[in-house]
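# Descriptive structure summary
Here is what each chain is made of, one letter per residue.
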There are 2 protein chains.
Amino acid sequence: MEKYVYSFFEGSKDMRSLLGGKGANLAEMTNIGLPVPPGFTITTKACARFYDEGKTLWPELKEEIKEHLRNVEEKLGKTFSNEDNPLLFSVRSGAVFSMPGMMDTILNLGLNDTAVKGLAKSTSNERFAYDSYRRFIQMFSDVAMGIPKARFDSLLEDMKSKKGVTLDTDLDADDLKRLVEQYKDVYKDEMYEEFPQDPMKQLELAIQAVFLSWNNPRAVVYRKLNDIPHDLGTAVNVQSMVFGNMGNTSGTGVAFTRNPANGENKLFGEFLINAQGEDVVAGIRTPSHIDELKNIMPEVYEEFLEITKKLEKHYRDMQDIEFTIENKKLFLLQTRNGKRTAEAAINIAVDLVEEGLITREEAILRIEPNQLNQLLHPTFNEKSINNAQIIAKGLPASPGAASGRVYFTAEDAVNAKSRGERCILVRQETSPEDIEGMVSAEGILTARGGMTSHAAVVARGMGKCCVAGCNDIRVDEESKVIKAKDIIIKEGDYISLDGSTGTVYLGDIDKVLPELSGNFGKFMDWVDSTRRLKVRTNADTPRDAAQALAFGAEGIGLCRTEHMFFDEIRIPAVRKMILSKTLEDRKKALDELLPMQRKDFYEIYKVMGERSVTIRLLDPPLHEFLPTKEEDIRALAKSMNVDYDELKDRVEGLAEFNPMLGHRGCRLAVTYPEIYRMQTRAIIEAALDAKKDGVENIKPEIMIPLVGHKNELKYVKGEIVEEINQVFEERGESIDYYIGTMIEVPRACVTADEIAEEAEFFSFGTNDLTQMGYGFSRDDAGKFLNDYEEKNIFEKSPFEVLDRDGVGKLMKIAIELGTKTRPDIHLGICGEVGGEPSSVEFCHSIGLDYVSCSPYRVPIAKLAAAQAVIKSK
Amino acid sequence: MEKYVYSFFEGSKDMRSLLGGKGANLAEMTNIGLPVPPGFTITTKACARFYDEGKTLWPELKEEIKEHLRNVEEKLGKTFSNEDNPLLFSVRSGAVFSMPGMMDTILNLGLNDTAVKGLAKSTSNERFAYDSYRRFIQMFSDVAMGIPKARFDSLLEDMKSKKGVTLDTDLDADDLKRLVEQYKDVYKDEMYEEFPQDPMKQLELAIQAVFLSWNNPRAVVYRKLNDIPHDLGTAVNVQSMVFGNMGNTSGTGVAFTRNPANGENKLFGEFLINAQGEDVVAGIRTPSHIDELKNIMPEVYEEFLEITKKLEKHYRDMQDIEFTIENKKLFLLQTRNGKRTAEAAINIAVDLVEEGLITREEAILRIEPNQLNQLLHPTFNEKSINNAQIIAKGLPASPGAASGRVYFTAEDAVNAKSRGERCILVRQETSPEDIEGMVSAEGILTARGGMTSHAAVVARGMGKCCVAGCNDIRVDEESKVIKAKDIIIKEGDYISLDGSTGTVYLGDIDKVLPELSGNFGKFMDWVDSTRRLKVRTNADTPRDAAQALAFGAEGIGLCRTEHMFFDEIRIPAVRKMILSKTLEDRKKALDELLPMQRKDFYEIYKVMGERSVTIRLLDPPLHEFLPTKEEDIRALAKSMNVDYDELKDRVEGLAEFNPMLGHRGCRLAVTYPEIYRMQTRAIIEAALDAKKDGVENIKPEIMIPLVGHKNELKYVKGEIVEEINQVFEERGESIDYYIGTMIEVPRACVTADEIAEEAEFFSFGTNDLTQMGYGFSRDDAGKFLNDYEEKNIFEKSPFEVLDRDGVGKLMKIAIELGTKTRPDIHLGICGEVGGEPSSVEFCHSIGLDYVSCSPYRVPIAKLAAAQAVIKSK
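### Details of the pairing of strand β5 (residues 234-240) of chain B
All names here are of chain B. The buried fraction of β5 amounts to seven of the seven residues, a majority that puts the element mostly inside the structure. Alternating residues of β5 divide into Thr234, Val236, Val238 and Ser240 and Ala235, Asn237 and Gln239, and every residue in both groups is buried. Bridge count between strand β2 (residues 39-42) and β5: four bridges; the pairing is antiparallel. Within β5, the position partnered with Ile42 by the bridge is Val236. Where strand β3 (residues 89-95) lies against β5, seven bridges are found, and the strand directions are antiparallel. The partner of Gly94 across the bridge, within β5, is Ala235.

### Quick notes on helix α24 (residues 583-608) of chain B
Residue and element names in this part refer to chain B. Between its terminal C-alpha atoms α24 stretches 35 Å, which fits the 38 Å expected from 26 residues at 1.5 Å a residue. If you look at α24, its biggest bend is around 30°, right at Leu593, and the proline Pro595 turns up within four residues after that. Listing the buried residues of α24 in full gives Arg586, Ala589, Leu590, Leu593, Leu594, Gln597, Asp600, Phe601, Ile604, Tyr605 and Met608. Where the residues of α24 are buried, they touch α21 (542-550), β25 (555-560), α22 (562-565), α23 (571-579), β26 (612-616) and α28 (673-692). Following α24 by one or two positions, Gly609 adopts a phi angle in the positive range, close to 60°.

### Details of the sheet that holds strand β22 (residues 503-506) of chain A
Residue and element names in this part refer to chain A. In spatial order, the strands read β12-β22-β21-β14-β15-β16-β17-β13; together these eight strands make up an open sheet with mixed pairing. The sheet terminates laterally at β12 (390-393) and β13 (395-398), the two strands that pair on one side only. Direction aside, the axes of adjacent strands within the sheet are offset by 30° on average. Relative to strand β17 (residues 465-468), β13 runs antiparallel, the two sharing three bridges. Looking at β17, one finds that Leu395 is bridged to Ala468. Most of the contacts of helix α17 (residues 410-418) go to strand β15 (residues 423-427), to which it runs at about 180°, and overall it touches β14 (401-407) and β15.

### Some words on the pattern of salt bridges
In this structure the tally under the stated criterion is 135 salt bridges over all chains. One salt bridge connects Arg258 of chain A with Glu355 of chain A, and the closest N-O pair in it is separated by 2.7 Å. One end of the pair, Arg258 of chain A, is in the loop between β6 (251-256) and β7 (268-273); the other, Glu355 of chain A, is in the loop between α13 (342-354) and α14 (360-366), and 97 residues separate them in sequence. The class of Arg258 of chain A is buried, set by a relative accessible area of 1%. With relative accessibility at 39%, the residue Glu355 of chain A sits in the partly exposed group. Between Glu701 of chain B and Arg536 of chain B there is a salt bridge whose closest N-O contact spans 3.2 Å. Here Glu701 of chain B is found in strand β27 (residues 701-704), whereas its partner Arg536 of chain B is found in strand β24 (residues 534-538), with 165 residues between them in sequence. For the pair shown, Glu701 of chain B and Arg536 of chain B are each scored as buried.

What counts and what doesn't
- Residues numbered from 1 in each chain as written.
- Chains lettered and ligands numbered in written order.
- Predicted model: local features only at pLDDT ≥ 70, side-chain atom pairs only at ≥ 80, totals over all residues.
- Heavy atoms only, no water.
- Buried < 20%, exposed > 50% of the residue type's maximum accessible area, 1.4 Å probe, protein only.
- Helix = DSSP H or I, 4+ residues; strand = E, 2+ residues; numbered from the N terminus.
- Pairing = 2+ DSSP bridges.
- Expected span 1.5 Å × (residues − 1).
- Bend = angle between axes of the 7 residues up to and from the residue.
- Contact = heavy atoms within 4.5 Å.
- Axes fitted to C-alpha atoms, helices over the stretch in contact; angles between N-to-C directions.
- Salt bridge = Lys/Arg side-chain N within 4 Å of Asp/Glu carboxyl O.

Dropping the structure here:
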């Protein structure tokens, strides 16, 4: 019979996928002798079976749970419903990957009309006992049975106002006893039965609730956001209760073994005296710094410090630890690898290497490539920031700089983002319901909560700028204003946040690019010496090229020449070219464009020096350069001094049913070879000019897009080589060059052996290859891809993460065939997934020579490339 | 050194690719002892080298030609420029595949100021000699040097009007001598040099002209039309002249060993007394029937008859023979396998088998599958034809029935066709310039020319209805009218042609389908017992299905359900369904459609009986069912009683940038599974109903379109299987069924192993697979595919003939992977190329189980399938 329940002493940290992260770590801590309240874990497999069984707990499982319960009873000498010293439990979820705040937790389970008396007796604190009972009923009703919290809250408010007090703590034991009765009535009213007095029944309902919460909408959103598969399931941890709220010799807290914001090797954390664990995380009271504990309970502090060091050494990583002090006795409730900012991640990884705890390769694997995003984004411009008006100061909860319009609900933030606005989500405090709003916002500002509050933890995970616990402001979510002393900020007004200092500014402030140095430089050196894949960038301008160089790009993998055509000054010549009726007129218009294109390329060569630069010839259909609305056509006709009807006819003649599959790419050059000839001339002349001006070893790479048949490439190549030879003859000098092609048409993949006869390099255009391979128009697929993700047909949109099985298979076929013809063919990728870590890993595995991505993603791609090497060992 | 010139006695009929068809046959006839005027052939390889040498004849070739010339001189005892008996030649092209009328010919080469005297002396006919010289100068100037014919013609007209005569034959020798001088002046005027007197120079220029004519536009068009590769090149045949125009004991003619219209085993042909060969083919004089020759020159006729029998036995096929009688002496100038109608082809093939001359397999290979088209097309409805007004009678030049609007130029016919009109091309006589017009027309009517005139020969080759030599009408090409006695037919008026009787009718006459029996039935039985591939049809209605059965279809490979949705009575319910805002409303609208779809399927099952029927679920994007123009949307809003703005929003919301790659196929069912569920219910209920009504062994094949990922199919299949089980439960009975998928998305091909886990059959949708594989939108590619063909990038549009190397490769990958998972997976094709012979051959070679094509193409596909078996042996 399969074992579905493990006592903590039966597990270990390596059983993560069975016990969940929390359960595995509770087991590990138990086994290395740390003070962990005893308990047991119900496995993730039980969760899967729970769903298979039609969302019920089956009899054998119940038996197994009871057995483990008896075990804990024996160990603690406590029993359920005991009038003297009752056994109480916390019930928590514990997924394989940490999902903070996503899953529901129930504390004090086991309390009933009998046990409450036992709790009062054993703690000599009747008020505490009934307060616990009241909280338990509310939490259980809310979490396990779905009864609205508000029904209980309003009774509490009534009670307080009847007594004429404002704080919960002003209510006495009798008040709370009455409340308990009222709460039980609410339960009965909602559920048509009495509040369950049988602790075993409470436990079963609680376990079911945890299992069910795996599929609650916010958990689903979180998993999507963090690439966690939906079929993993969650474990349930049932742990005997300890109380941090038994008075001033009790307390609870959360600590990181190192600073999670900057990585500093110093204990970092917070605690609350006389509180239960959830109070710290929820951010309702502002807690004290962990160092304070030294003054209040020095022995406990010392013990804790020692334990944190032991844990860090044991786990060989920075730990995020939850603890409770019950009457001066320290208990550990959780440890896990701590979430951290990218800056902290780099610093900790480098420090751990230097402390001899981990190897360089381990350090490289420790950083999630996407996390580097945080380091690569702008900070405020020094000058602008000095002149900016400071509104308030809060906690520097997640570093970075962000500006945007203020919105007060997640929904408004999502809408603003979809309108193309940058926005800042401002909340009293955030909750899991706000996740999508947080994703849409540039930054998050909360009035309450500490460094480990929901807003802070989630924002750091997302690499999003966050200022939390900003007591200086009052957030009025109803009327949608922020009041900061005499300043009033309304919905839609601009503010700026500095997540590294906690400062909130008025207005939209300029930003500058970060400098990358110190540990980051050291780390990237390790990365560079580990990876095999080269990393180039997609850049169309000298500015982008320079930016990419600063981020370590090793060349340009895709320079899109059409972007140069859209320029306001040039588009008239482009349009003249398109509307030419004769070859002669078209050539004249192209002659106007030639010097401009030549200058573009010259400047890029000057920036890039001898690094490779792959220039793609014109790709979009010509109608993209023409207006489509009547008034715009009229205006253009006027400005070009041509007949409106004639122009309209031409615009309509160029319109296409499926422009994606239309007259574009090399097909344009089959019809109008003179366009590519002009561009080629510009490239070669620019290279010769740059060479003359001292740039050495330029070897232009000319890339022909949308080739599906060898003959297309052969024809176009014939034309442009003729042009190149003409330039060489005119100039009396020559230069080496490569001619290659995008591989972005499925047919090109399966005939790559033929195409390689003509192409010196392949660059996989995975955007189009995905569109054509799947038959998905990216512009239209948005309408149905949501349904695909909802119905679990796709884990991820293939436009975000390279579809290895399909598009990747086409790539593999192309590589196999292409290298058969030309074993030294140079292979790269320039689709957007070229900067997505798991796609980079795939590109490494199939033997590409380089990936090319946007400048900001260069370090990310490099890290992913290095990780790919290590993982494939 | 490579041999580029072959004397006739050095060649044989098996050297066709080197000597061209004409050269090989002249050699063969020479070697079997037939009277062929001596000569030699310059090879097709010489043509290729001619282009490589920059379109010049190189010295070694000239030497080789001279050697062979000397050979002929010796054999005939004649020499160039001889004053008594000069050597004269014809120079003709001779490509590997017969290209009638396409290539240029020069006769009487060798004539100059000296030789003309020798010719006069040897023939004792000065007038004849100078007429020949005059003709030669004109032909040489026109064909070899590109001097407009009109410049000579106007001089001839001047001469005639000066003499007051109307016929060329009224001019005497002196007139012609003067004309020769005038013609030479024209030549000098145009070419800035004297007319070449050196016969060797004449010969070289003539050979060059033939080589160059390989690439003249009409030859290029013909090759395109007939799938002849452009790189084959042409040979040149240089043959000593014989004269059919030396008086009444001379003549020239063309004959077929059997009737090329119906296959009757009886000599069939025409001749002209006192004429040169080109006069017969050009159709300028109406010739006599070959039987007449028996009366005029009985010995010659007998000799000819014997030779024709010998040739037919030798070549084991019906021959098309050109002959000339010079002073009662018979010479053969050409023999080749004769072109014939489909009816004749079948009859001849079956007869030859029965005569023991060829095997059944040879007979099967003898019929070009596309030729069957002729047999499968309608003839006039008996009743309608009895009431129709006969305008005129001409020669039954190419059988069939055609109706259409009258147009008088090839260009007008092409334009009419492109507007979607059916048209009849009416010409005085046709010439190679009319080819594209003939392609566009339903039928061809000429006023002049015989059964072997250009119009007749080309029309038979195309399988197009043609009435030629219709002396009853006067065609006024200038004012675009036909006059037939008192009837005047203007451009755009309808006429009808019966190509089997030569009758021309007024108006647009009903047609009926042909009955296929007799030799056709026998032939198709041989075909059926030879082929391995099954042949199904694409049919959406019971009517199409019945038609296809009549043509021998073995099942339905593609029944497109959307065609049932476009029906005028149904589309309101379809639109209601699309515009539904809730699932409930949509289901209600679908409930309206259910009985209609069920009836569709029921009727198809009744027609098809136990044959396989593959039904494809809804494929097109929903916006195809909605109007797009404002006025249509307004009208629809009114009729549906919905708000215009709301409807417009919905229409716009459904619009797509690239509908080809949009929300269609199985993607619709991911979003709206209820649509496929309704269709599936209709299919299963119809099958159960038909079974109850006596149709046995129905096993519905449900086909899910546009699958690219296994999970799409899995999800959709899950939905429809649930629906099927529901129907079974409701009915209390069940039926076997298959669920399979179209393979039309490139990704499906490369992941076919995964998809085959869910699919019981694959049907290749090569239309979409070509669109996505190439990235060509068929709706847009028309704009640039012409450029592709012109620039020799494609031989053929991949939408017409399956692209074996690309799309075919994807198919092979899919088959390899699919059968790995499911070795017995059933494989078919339902794209339009499924009825194109060379594509069918490919489908055979890659192991498909069946092809599916339009009803009319079923016999064609069967024949192609049988040929594939024989060819692959």
